[in-house]
Number of protein chains: 2
Amino acid sequence: MPKLDFDIITLGHGSGGTLTSQLLDTGVFSLLQNELLNKKHDGAIFNMQGKVAMSTDSFVVSPIFFEGGNIGDLAVNGTINDIAMCGASAKYLSLGFILEEGLKMTEFWEILNTIKFACEKAGVQVVTGDTKVVERGKGDKIFINTTGIGEVHEKANIDINNIKAGDKIILSGPLARHGITIMSHRQGLEFETTISSDTRALNKIVIELLDEFGEQIHLLRDPTRGGLATVLNEITKEANLGIDISQKNIPVEEEVYGACEMLGLDPLYVANEGLFVVVADAGIADHLLLQLQEWEHGSMAAIIGEITEQHTRQVLMKSNIGGRRVLNMLAGEQLPRIC
Amino acid sequence: MPKLDFDIITLGHGSGGTLTSQLLDTGVFSLLQNELLNKKHDGAIFNMQGKVAMSTDSFVVSPIFFEGGNIGDLAVNGTINDIAMCGASAKYLSLGFILEEGLKMTEFWEILNTIKFACEKAGVQVVTGDTKVVERGKGDKIFINTTGIGEVHEKANIDINNIKAGDKIILSGPLARHGITIMSHRQGLEFETTISSDTRALNKIVIELLDEFGEQIHLLRDPTRGGLATVLNEITKEANLGIDISQKNIPVEEEVYGACEMLGLDPLYVANEGLFVVVADAGIADHLLLQLQEWEHGSMAAIIGEITEQHTRQVLMKSNIGGRRVLNMLAGEQLPRIC
């Protein structure tokens, strides 16, 4: 951390005046520097050609630090992933901070470093930003908004209307890691093995799959808030089709499953951050699965079910003990402030 | 407002589940609908060609309702204006809400309507969004992030490096209205005449000026947080030149001036929301001023000073009583949460 003559954030750092300049010049700008951000204008100017995807997310996760990440990489990866689900690779991000008066500069610095690292790893640039400060008790340490844009893959044709009966539903990895990490923090639980958030950027693997399978990939969705069950329900409602899934094919790690039981949570409704669902033509599903399994985070990827013309607007799950039940959307608030 | 079975925002509305869907379907989506937003995907896909400007701002203004506007149009206009200062007209906006549990649905609805109206007036579309809810006491009613993009005007060449000695500095209207409106609300002051915020979108007037004067417009800046004095100081430091201004040429409305005196504020440091500074070639300055004065909000526009090679990195102001003094940047926090 650079030497600063303050160790906590004060209201003055949000004034737009000298203290704001000082905070940005010694902190944000020097760390995240790139040609566009260095202009320090209120906006960034760059070239874009053709189909572009844009997405936004505000992050209010509590606690701000957790196993496997913090609010900084969560914010970078979250928006990269929403853009990836459009069949695009994020290129430029904006970064908006709402800081609570009293936030420790060491914490802010660690978050900034994590943002820098996550951006480098995913190959995106922060090109413009904003910093506001609210009084103690009017915020909660730090909220971050990221908004991103990226060019859509030339072979991508991601559209809910492309889904048809018989399409396979592929899940990229095991469920519920992010939600359980946050929840166990809050409850002060310790497990024998460490469960960590699955926050990661999905842009590279998505582009690789699109390179290979193009428009045979009909839909991409990341099951964040509301979990897998909610995303599958949204798909049935938007496509006016049904979904059949099989519980035994849905990957959940043993310690995560145990933690879910302890916390009384169903992993199907718990938030994920580095996971995605592919709805793909049945003809390429096995191939796509093989490629996904070769990805560093894809060893547990699985075909979990398929699209059907039966029971439209409903998700039916064949349980491990053989029965079939309707899987509803998440109704209330299972895990507030999970992302 | 549509009939809802809830009248305040609860944590469940941020869950990503059924309550979130209900809030969005009956509220946000129906009100702000357009072809892109209607897809209800996590991101929006559209075409962009050539030079694009992108900007972001988080809005934490308190109170959220004030004379002349509320946090909704402030958020829409604020980002449109940052993009306008890049020489571009905003086309698409993202909209991120951080709501505090307990926010009245009637208030949220009024803000949404104001957002809709501000978007229509400025000719921009909200194409993607996000809604989070935090517990009571961890936020303050509502924070809004808007991020926008727009295509840069083909004749625009806005760059701090284009500024040269002799360039004129033109201010589009009278100072300090937004800041004084917010501040007098907080202090419970009432004035004989009503002072209202100057929040408005500047994209159309900026495009008209660029149509006419193109690259003879060297720089555009909107003096929001930190006020006119801070923006002029930033220009001198980034351009490594000096600025001379004359107090008698700087427009301030009489009742605003009186309110500033009462509140002990210097209008040069008070935030504006619908104002901009043009640094233009001296040869077209009078012409540009005339065109600006024909704009519906430009009757008080004025040439307030010029760029000089003297006293680099400093702003000198000739005061009404004849002396010259250095105008510094805003040092601390004059008005927290002004935008």
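Residues numbered from 1 in each chain as written. Chains lettered and ligands numbered in written order. Predicted model: local features only at pLDDT ≥ 70, side-chain atom pairs only at ≥ 80, totals over all residues. Heavy atoms only, no water.

The name given to chain A in an unreviewed UniProt entry is Hydrogenase expression/formation protein HypE, with Ginsengibacter hankyongi as the source organism. In the Sequence similarities (unreviewed entry) part of its UniProt record, chain A is described as follows: "Belongs to the HypE family." (UniProt positions renumbered as here; feature names shortened; annotations may be inferred.)

S.K.: Looking at this structure, how should I read the environment of T79 of chain B?
M.R.: Residue and element names in this part refer to chain B. Within the element layout of this structure, T79 appears in helix α2 (residues 71–84). Separated by 20 residues in sequence, T79 and L99 have C-alpha atoms that sit 20 Å apart. When sequence neighbours within four positions are dropped, the list of residues in contact with T79 reads S55, T56, D57, F59, L93, T146, T147 and G148. (Helix = DSSP H or I, 4+ residues; strand = E, 2+ residues; numbered from the N terminus. Contact = heavy atoms within 4.5 Å.)

S.K.: Would you explain the pattern of salt bridges in this entry?
M.R.: Charged atoms that come close allow side chains of opposite charge to pair. Per the counting criterion, the structure on display carries 30 salt bridges over all chains. Notably, a salt bridge pairs E306 of chain B with K168 of chain B, separated by 2.7 Å at the nearest N-O pair. Of this pair, E306 of chain B sits in strand β11 (residues 302–308) while K168 of chain B is found in strand β7 (residues 168–171), placing the two residues 138 residues apart along the sequence. In this structure E306 of chain B comes out as partly exposed when scored by relative accessible area, which is 30%. A relative accessible area of 23% places K168 of chain B in the partly exposed class. As a salt-bridge pair, D244 of chain B and R324 of chain B come within 3.1 Å of each other at their nearest N and O atoms. Highlighted residues: D244 of chain B in strand β9 (residues 242–246) and R324 of chain B in strand β13 (residues 324–327), separated in sequence by 80 residues. A single network of salt bridges, built from pairs that share partners, joins D57 and R225 of chain A together with D130 and K132 of chain B. (Salt bridge = Lys/Arg side-chain N within 4 Å of Asp/Glu carboxyl O. Buried < 20%, exposed > 50% of the residue type's maximum accessible area, 1.4 Å probe, protein only.)

S.K.: Is there a simple way to think about the sheet that holds strand β1 (residues 43–59) of chain A in this case?
M.R.: By definition, the strands of a sheet pair up through backbone hydrogen bonds, in either a parallel or an antiparallel sense. Strand order in the open sheet formed by 8 strands is β5(A)-β4(A)-β6(A)-β1(A)-β1(B)-β6(B)-β4(B)-β5(B), and the pairing between neighbours is mixed. Each edge of the open sheet carries a strand with a single partner, namely β5 (125–134) of chain A together with β5 (125–134) of chain B. Direction aside, the axes of adjacent strands within the sheet are offset by 25° on average. Across 9 bridges, strand β4 (residues 88–100) of chain A lies against β5 of chain A in parallel orientation. Paired with L93 of chain A across the bridge in β5 of chain A is V126 of chain A. (Pairing = 2+ DSSP bridges. Axes fitted to C-alpha atoms, helices over the stretch in contact; angles between N-to-C directions.)

S.K.: What am I meant to see in the relation of the copies chain A and chain B here?
M.R.: Relating one copy of the chain to the other requires a rotation about an axis plus a shift along that axis. Each copy of the sequence occupies a distinct position, and chain A is placed on chain B by a rotation of 180° and an axial shift of 0.0 Å, giving an RMSD of 0.0 Å. The superposition of one copy onto the other is thereby described by a two-fold rotation axis. Here 100% of the contact residues of chain A are again contact residues in chain B; the copies associate through an equivalent surface. (Least-squares fit on C-alpha atoms with pLDDT ≥ 70 in both.)

S.K.: Explain the domain arrangement of chain A here, please?
M.R.: Residues and elements named next belong to chain A. Along its sequence, chain A is carved into domain 1 (11–152) and domain 2 (160–327). The interface is formed by 22 residues belonging to domain 1 together with 24 residues belonging to domain 2. Counting each side, the surface lost to burial between domain 1 and domain 2 is near 1800 Å², with a carbon and sulfur contribution of 59%. In terms of surface lost to domain 2, no three residues of domain 1 exceed E67, N81 and M85, which account for 33% of the buried area on that side. (Domains from an automatic or database assignment. Buried area = accessible area lost by both parts, 1.4 Å probe.)

S.K.: When you look at the UniProt feature "domain: PurM-like N-terminal" (unreviewed entry) in chain A in this model, what are you seeing that I'm missing?
M.R.: The sites that UniProt annotates as "domain: PurM-like N-terminal" (unreviewed entry) are residues 41–152 of chain A. From the first C-alpha to the last, residues 41–152 of chain A spans 27 Å; its make-up is 29% helix and 49% strand.

S.K.: Would you mind showing me how to read the sheet that holds strand β10 (residues 277–280) of chain A here?
M.R.: Residue and element names in this part refer to chain A. On the basis of which strands lie adjacent, the open sheet formed by 7 strands has the order β8-β10-β7-β11-β9-β12-β13 and mixed pairing. Either end of the sheet is taken by a strand with one partner, and the two such strands are β8 (217–221) and β13 (324–327). Looking at each pair of strands side by side, their axes are set apart by 25° on average, direction ignored. Across 4 bridges, the pairing between strand β12 (residues 315–318) and β13 is antiparallel. Across the sheet, L316 pairs through a bridge with V326, a residue of β13.

S.K.: What should I look at first to understand the side chain of T79 of chain B in this one?
M.R.: Residue T79 of chain B is classed as buried on the basis of its relative accessible area of 0%. Within polar-contact distance, the side chain of T79 of chain B engages the side chain of T146 of chain B at 2.6 Å. (Polar contact = N/O pair within 3.5 Å; in protein donor to acceptor, adjacent residues only side chain to side chain.)

S.K.: What should I look at first to understand the packing of helix α4 (residues 177–187) of chain A against helix α7 (residues 254–263) of chain A in this one?
M.R.: All names here are of chain A. Interaxial distance between α4 and α7 falls to 10 Å at its minimum, and their mutual angle equals 50°. Classified by the angle their axes make, α4 and α7 are oblique. Pair α4 / α7 crosses with left-handed handedness. Where α4 approaches α7, its residues R177, I180, M183 and Q187 are matched on the opposing element by V256, A259, C260 and L263. Its residues assigned to classes, the contact of α4 with α7 shows 6 nonpolar, 1 polar and 1 charged. (Parallel < 35°, antiparallel > 145°, perpendicular 65-115°, else oblique. Left-handed = near helix turned anticlockwise from the far one by under 90°. Nonpolar A, V, L, I, M, F, W, Y, C, P; charged D, E, K, R; others polar.)

S.K.: Any chance you could explain the nonpolar core here in plain terms?
M.R.: One broad rule of soluble globular proteins: the nonpolar side chains tend to lie buried together. Residues F108, I115, I142, I180, F276 and L288 of chain B are the most contacted members of the largest nonpolar core, which totals 112 residues. With 9 residues, helix α3 (residues 105–122) of chain B is the largest single contributor of residues to this core. When we break this core down by domain, the ones giving at least three residues each are domain 1 (11–152) and domain 2 (160–327) of chain B. With residues up to four places along the chain from it excluded, the contact list for L288 of chain B reads I170, L209, F213, I217, V278 and A280 of chain B. If you look at the next biggest cluster of nonpolar residues, it comprises 110 residues, including V28, L74, A259 and V277 of chain A. (Core = buried A, V, L, I, M, F, W, Y, C linked by side-chain atoms within 4.5 Å.)

S.K.: I'm lost on the packing of aromatic side chains in this one. Help?
M.R.: Overall, the coordinates contain 7 aromatic pairs over all chains when judged by the stated rule. The interplanar angle of 50° and the centroid separation of 6.4 Å between the aromatic rings of F143 of chain A and F143 of chain B together place this pair among those described as tilted. Taken together, the positions of F143 of chain A in strand β6 (residues 142–152) and F143 of chain B in strand β6 (residues 142–152) put the pair across two chains. With respect to class, F143 of chain A is no different from F143 of chain B; both count as buried. The residue whose ring lies beneath K132 of chain A is F59 of chain B, and the NZ or CZ to ring-centre distance is 5.2 Å. (Phe/Tyr/Trp six-rings, centres within 6.5 Å; stacked < 30°, edge-to-face > 60°. Lys NZ or Arg CZ within 6 Å of the ring centre and 35° of its normal.)

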